[in-house]
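Overview (structure and organization)
So you can see what is in the structure, the chains are spelled out below.
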Amino acid sequence: MIFNSFAFLLFFIVFFFLYWFFFNKSEKYQNLILLLGSYVFYAWADWRFLSFLISVSVINFYLGIYIEQNTKYKRLALYIGLLQGIGGLAFFKYYNFFITSFNNVFHSLNINLNLQTLNIIIPLGISFFTFRTISYILDVDKGKINATKNWVVFFNYVSFFPSLLSGPIDKAKLFIPQLEKKRVFDYHQATNGMRQILWGIFKKVVIADNCSIFVNEIFDNYTHYSGSTLLLGAIFFAFQLYADFSGYSDMAIGFSRLIGLNITKNFDFPFFSQNIADFWRKWHISLTSWLTEYLFIPLSIAFRDYNNLGLICAILINFIIIGLWHGPNWTYVLFGFLHGCFFIPLILKGALNKKQKIVKGKLIPSIREFINMLMTFTLVMLTFILFRSETIVDALKYISGMFSNSLLTIPQLISPKLNMIYTLFCLFIFITIEWLNREKEHGLEITHLKTKFRWIIYSAVALLIITFGSFSKNEFIYSQF
Amino acid sequence: MKLFIKKILAFTLLIIIIHLILGLTADGTTDDFYLRFTSAKQKSLIIGTSRAAQGIQPQLIDSILDLTATDKIYNFSFTAQNSPYGEVYYNAIQEKLNTSSTNGIFIVTVDPWSVKKENELDIDSDLYSTTSYTSYPNYNYLIKNYKNGWGSILLNKIVKAILLRNENKLSNISGSWTYLHDNGWLEVFTSMDSIYVQKNIKTKVEQYEQLMKHYQFSAYRFEYLSRTIQLLQNYGTVYLVRLPAHKSLIKIEDAIVADFDLRIEELSIKNNIKYINLIGESNNHRYTDGTHLHKSSAAAVTIYIAQLIKSYQQGNK
C-alpha cells in the first residue's frame, strides 16, 4: 500500500475519522487506534513479518525497562538489544552478501569455501525500525531518556505507519513525548500537512515517476547512447532519487501532521548545497543525524589522538556504513566510501563544520555560489550512478561512456519524446519552486501569501499532477532499503 | 475541524468534477486502446495483436466488401501482451460481439507471439481488468488502465491535433505517436527515414532474440485460438490471416515454431475456414520496426485481404 495509491487513500480516510471522532477521548485510545492502523498498514504491505515487527517491539520494550533499572545485568541487556537489532539486520539484509563476498575472496585465492547462501525475504522497513529501537535502548542506557512503561506508546514508536517503511528515522526523545500527550486537532498543523502531502505527491508522480521512464531506458541500454545522453540520464536519476525519497518523506510528515504528530524533517533542499558537508546536512537528515550521534561522534572521540587522520577515519567508516545501510551491494559501499573521501579536502582545510549558506532572500545566487552548487551537484550525481547500477563495473562503464567524445554533442531525445519534453518542463518548475522556497520547511510552505494566491498555487500544482502525473503504481525507491 | 473537512471536501469535489469532465473528452488521441472499449457491440471483427491493430484498416474492407452502417468491420486487436489468445481475450470478444447477426466477417490474425506460453492467466492485460466494453465514456477503463493523470487526456487531444496539422514540420520533436480511429484501426505516425527504420528493426530483432530464448508454444493458447474461431463461426465467416513481417523477424519466428504454418493449416482445415498466409509477401512491404506494417503497406495488405475475401464470397455464391 503506497502513499499515492487509492488503497492508502481509503485506508487513511477511515483511519482519520476513527482517530479524530471515535478514539479522541484520551491519548490511550488515540494510541490504540494508531497502533492498530500501523499494523493493518504493515500487514497490508507484507503480513508475513508482522509477528517479527511485534517481537522486535516486545523485546526492546522490556530491554529498555531492564536497562533503566540499572541492575548488574544492565550491560548484558544492552548487548542483547544491540545484538538483536544489528544481528537481525545483518541476517536478513547482509547474510547472503557477506557469504557471497567470502566465497569470492577465497575463490580468488584458489580456496573453495562454497558457503551456502539462504533464500531470505527481507522484512519491509527493517532498516528503519531497527535504527529506531537501537537509538531507544542506547538513549535509555545513556540516561538521555526514560524508558517508557507504556507498551502501546513504545510499539507505536517502533511501527508508526507514516514513517514505518521509508523513514524518517525518528528518535525516541522527540517522538515518544508526543505520544504520551493527547493530540488535539490543530487546523494550521493539518493544513500545513495537506500542503506538504500535495508537494510530496507532485514530487513522486510528476518528477520521480516521469524521470524513471527515461532513467530506466538510458541505464538499461547505456551502450546505445551518446555521452551527453548518459549525462542527461544521470541528471534525471539524481532528480528521480531526490524527488522519490523526499516526496515520500514529505507525505510521511504531512500524514503525521494530520494526526497531530510532528516527525523529523528529512530533506532541506540538498541540491542547493555549497559543499559535500552541506549536502549531507540536508540529505536524508534523519539517517545522518542518527549516525552522527551513535557512530561518528563515538568514533571521532575514540580517534581524537590522531587529529585529522582520526577524523578522516571516523568519516570514512561513517560513510561506508551509510552506504552499506542502503543495501548489500559493493556499489553502495563504494558510494559511501567516495562520499567519505569528498570530505577529506574540507577536513584538511578545517572547513568541515563551516556552514556555507546562500544569503537569505537572494533571488539569484552569486557566480561563486552557483559554481559551488554545480560542483556539489555534479559530485553527488556522479556517485548516484553507483546507486543505480547493478555492479561497480556497470557504473564504471556508464561513467566512461559518459565521458566519451560524444559528451559534447546534443543529447538524444528518448522516446516518448513528447513526454521527455514535458518532464523537462516539470523539472524546471520543480527546481524553480524549490529554489524560491529553499528557506522554508518544504516547497509548498506558502503561508505568507494571501489566501487567493495560495489557492491559485494549490490548483496549479494539482493541475500539474493531473496533467503530467504518472500513476503506474511505482514503488518508492527507499522502501526496498 | 469542520472548516478543515469542508475545505478538503470542496477541493476533492472539484477534483472529481474535473475528472468527470476530462473523462468526457477521451477519444482516439487518449491512448492506443480506449475507443475499443467505448464502441457498440460489433457484427464483424478483426482479431489479433498489434500487427493486426496497425496492419488492417477496416475502412478499406468496408468499401471493398460494401459493408455499411452497423455491418462495418471493427478492429478489436490489441497487443501481444494484452490480447494473446486465451480465456481473457475470448471473454472480451464475447462481450464485444453482436450476437444478433449470423453473417459477420471475422479476420482472425495469427503469429507465434499470440500463442506463446507466458503469463497464461493474462492478469496484466487491460482486458482482464476492464469489465465494460461498450460504455461511453468508459470511466471503468480509464480508472483501471489509464496510467497517466487525466489532464493528459485533454493535453493529448490538443497536442495531437497540432501534430496532425503540422505532421511534417514537427516530426523531429514529436517522435512516434499514435491515433486510434473510430473503427479501431491504430494509425502510427513515425519517421520512415531509412537509418531510423533500420535502427528500429535492429532493436526489435534484438528484443525478439531475447524473447525467443524463453519462447514456448502454448497448447492452452492454441486451444483458445480454436475456441475463438468456433465461437465466431456461430456468427459469420472466419478467415485466418498471418500478416507479413520483416524477413529477420520471420526467421526468428520460423526458428521458434518451425511448424507454425502447418499447425494453422491443420486448424483451418479442421474448422473448414480459409487460411490467408501473407508471409510470402513479406519482402514487398515496408515496416516501421520490422514487426508492424507501415500504413501504406497496411493499406495494400488490407486491400489484398479484402479482395481475397470478396473472391471467396463470390466463389461460395
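Further up the page is the structure itself.
Before going further, it helps to spend a moment on the overall build of chain A. Assigned secondary structure in chain A consists of 19 helices and 0 strands. For 481 residues, the compact-globule estimate of 2.2 N^0.38 gives 23 Å, and chain A sits close to it at 23 Å. Overall size of chain A, expressed as C-alpha extent along the three principal axes, is 70 × 70 × 45 Å. Residues classed as buried in chain A amount to 56% of the 481 residues present. The positive charge centre, built from 40 side chains, and the negative charge centre, built from 25, are 5 Å apart in chain A.

Quick look at the packing of aromatic side chains now. Aromatic ring pairs: the centre-centre distance and the angle between the two ring planes describe each pair. All names here are of chain A. Inspection of every chain in the model, using the stated rule, returns 101 aromatic pairs over all chains. Between tyrosine 422 and phenylalanine 468, the ring centres sit 5.3 Å apart and the planes meet at 55 degrees, which makes this aromatic pair tilted. One end of the pair, tyrosine 422, is in helix 18 (residues 417–436); the other, phenylalanine 468, is in helix 19 (residues 451–468), and 46 residues separate them in sequence. Judged on exposure class, the residue tyrosine 422 and its partner phenylalanine 468 are both buried.

Here the focus is a nonpolar patch on the surface. Together, A:Phe6, A:Leu9, A:Leu10, A:Ile13, A:Phe17, A:Phe21 and A:Phe22 make up an exposed nonpolar region whose accessible area comes to about 720 Å². One can find A:Phe21 in helix 1 (residues 6–22).

To continue, consider the sheet that holds strand 7 (residues 274–277) of chain B. All names here are of chain B. With parallel pairing, 5 strands are arranged side by side in an open sheet as 2-1-3-6-7. Of all strands in the sheet, those bounded by a partner on one side alone are strand 2 (73–75) and strand 7. In this sheet, adjacent strand axes meet at a mean angle of 20 degrees when their direction is disregarded. Bridge count for strand 1 (residues 44–47) against strand 3 (residues 104–109) is 3 bridges, and the pairing is parallel. The residue of strand 3 that forms the bridge with isoleucine 46 is isoleucine 107. Along the sheet, helix 10 (residues 219–233) makes contact with strand 1, strand 3 and strand 6 (236–242), crossing strand 6 at roughly 145 degrees.

With the rule as written, the count across this model stands at 4 cavities of 30 Å³ or more. By volume, the largest cavity amounts to about 90 Å³. Forming the boundary of the largest cavity are 14 residues, of which A:Lys203, A:Asp250, A:Phe267, A:Glu441 and A:His442 lie nearest the centre. Within the residue set of the lining of the largest cavity, elements represented by two or more residues are helix 9 (187–220) and helix 10 (227–258) of chain A. Counting residues per element, the lining of the largest cavity draws most heavily on helix 10 of chain A, which supplies 4 residues. For the lining of the largest cavity, the residue count by class is 4 nonpolar, 5 polar and 5 charged. Of the volumes computed, that of the second largest cavity is approximately 50 Å³. Lining the second largest cavity are B:Trp113, B:Lys116, B:Lys117, B:Glu118, B:Leu211, B:His214, B:Tyr215 and B:Gln216. Tallied by class, the residues present in the lining of the second largest cavity amount to 3 nonpolar, 2 polar and 3 charged.

Turning to the interface of chain B and chain A, a few remarks are in order. Between chain B and chain A, the residue contacts involve 25 residues of the former and 27 residues of the latter. Between chain B and chain A, the buried area comes to about 2,100 Å², and carbon and sulfur atoms account for 73% of it. Three residues stand out in chain B for area buried against chain A, namely B:Met1, B:Phe4 and B:Phe11, and they jointly supply 29% of the buried area on that side. At the junction of chain B and chain A, the tally comes to 0 salt bridges. Secondary-structure elements contributing two or more residues to the side of chain B that touches chain A are helix 1 (2–24), helix 7 (151–165) and helix 8 (167–174) of chain B. Considering each element in turn, the side of chain B that touches chain A owes the most residues, 10 residues, to helix 1 of chain B. Tallied by class, the residues present in the side of chain B that touches chain A amount to 14 nonpolar, 8 polar and 3 charged.

Note that side chains of opposite charge can pair when their charged atoms are close. In the structure shown here, the tally under the stated rule is 27 salt bridges over all chains. A salt bridge links B:Lys43 to B:Asp71; the nearest nitrogen and oxygen atoms lie 3.4 Å apart. In this pair, B:Lys43 is assigned in the loop between helix 1 and strand 1 and B:Asp71 in the loop between helix 3 (58–65) and strand 2, connecting sequence segments 28 residues apart. Put simply, B:Asp259 and B:Arg263 hold a salt bridge, and the shortest N to O gap is 3.2 Å. Bridged by salt links that share partners, the residues A:Lys144, A:Lys171, A:Lys173 and A:Glu293 form one connected network.

We now examine the state of the cysteines. All names here are of chain A. Summed over all chains, the structure comprises 0 disulfides over all chains. No disulfide involves cysteine 313; its nearest neighbouring cysteine sulfur is the one of cysteine 341, lying 11 Å away. Left unpaired, cysteine 426 is separated from the closest cysteine sulfur, that of cysteine 211, by 9.2 Å. Residue class for cysteine 426 comes out buried when judged on its relative accessible area of 1%.

Looking now at the packing of helix 19 of chain A against helix 7 of chain B. Where helix 19 of chain A contacts helix 7 of chain B, the two axes come as close as 6 Å, and the packing angle between them is 70 degrees. Classified by the interaxial angle, the pair formed by helix 19 of chain A and helix 7 of chain B is roughly perpendicular. As helix 19 of chain A packs across helix 7 of chain B, the resulting crossing turns out to be right-handed. Together, A:Ile466, A:Thr467 and A:Phe468 of helix 19 of chain A and B:Gly151, B:Ser152 and B:Leu155 of helix 7 of chain B make up the contact between the two elements. A class-by-class count of the residues in the contact of helix 19 of chain A with helix 7 of chain B yields 3 nonpolar, 3 polar and no charged.

What counts as what
- Residues numbered from 1 in each chain as written.
- Chains lettered and ligands numbered in written order.
- Predicted model: local features only at pLDDT ≥ 70, side-chain atom pairs only at ≥ 80, totals over all residues.
- Heavy atoms only, no water.
- Helix = DSSP H or I, 4+ residues; strand = E, 2+ residues; numbered from the N terminus.
- Rg over C-alpha atoms; globule rule 2.2 N^0.38 Å.
- Buried < 20%, exposed > 50% of the residue type's maximum accessible area, 1.4 Å probe, protein only.
- Lys, Arg positive; Asp, Glu negative; His and termini not counted.
- Charge placed at Lys NZ, Arg CZ, Asp CG, Glu CD.
- Phe/Tyr/Trp six-rings, centres within 6.5 Å; stacked < 30°, edge-to-face > 60°.
- Patch = residues over 30% accessible without salt bridge, like charges linked within 9 Å, V, L, I, M, F, W, Y side chains within 5 Å.
- Areas by Shrake-Rupley, 256 points an atom, 1.4 Å probe, with all protein chains shown as cover.
- Salt bridge = Lys/Arg side-chain N within 4 Å of Asp/Glu carboxyl O.
- Pairing = 2+ DSSP bridges.
- Axes fitted to C-alpha atoms, helices over the stretch in contact; angles between N-to-C directions.
- Contact = heavy atoms within 4.5 Å.
- 1 Å grid on protein atoms, 1.4 Å probe; cavity = no way out; pocket = protein on both sides within 12 Å on 5 of 7 lines; lining within 4 Å.
- Points joined across faces, edges and corners; volume = space filled by probe spheres on them.
- Nonpolar A, V, L, I, M, F, W, Y, C, P; charged D, E, K, R; others polar.
- Buried area = accessible area lost by both parts, 1.4 Å probe.
- Disulfide = S-S within 2.5 Å.
- Parallel < 35°, antiparallel > 145°, perpendicular 65-115°, else oblique.
- Left-handed = near helix turned anticlockwise from the far one by under 90°.

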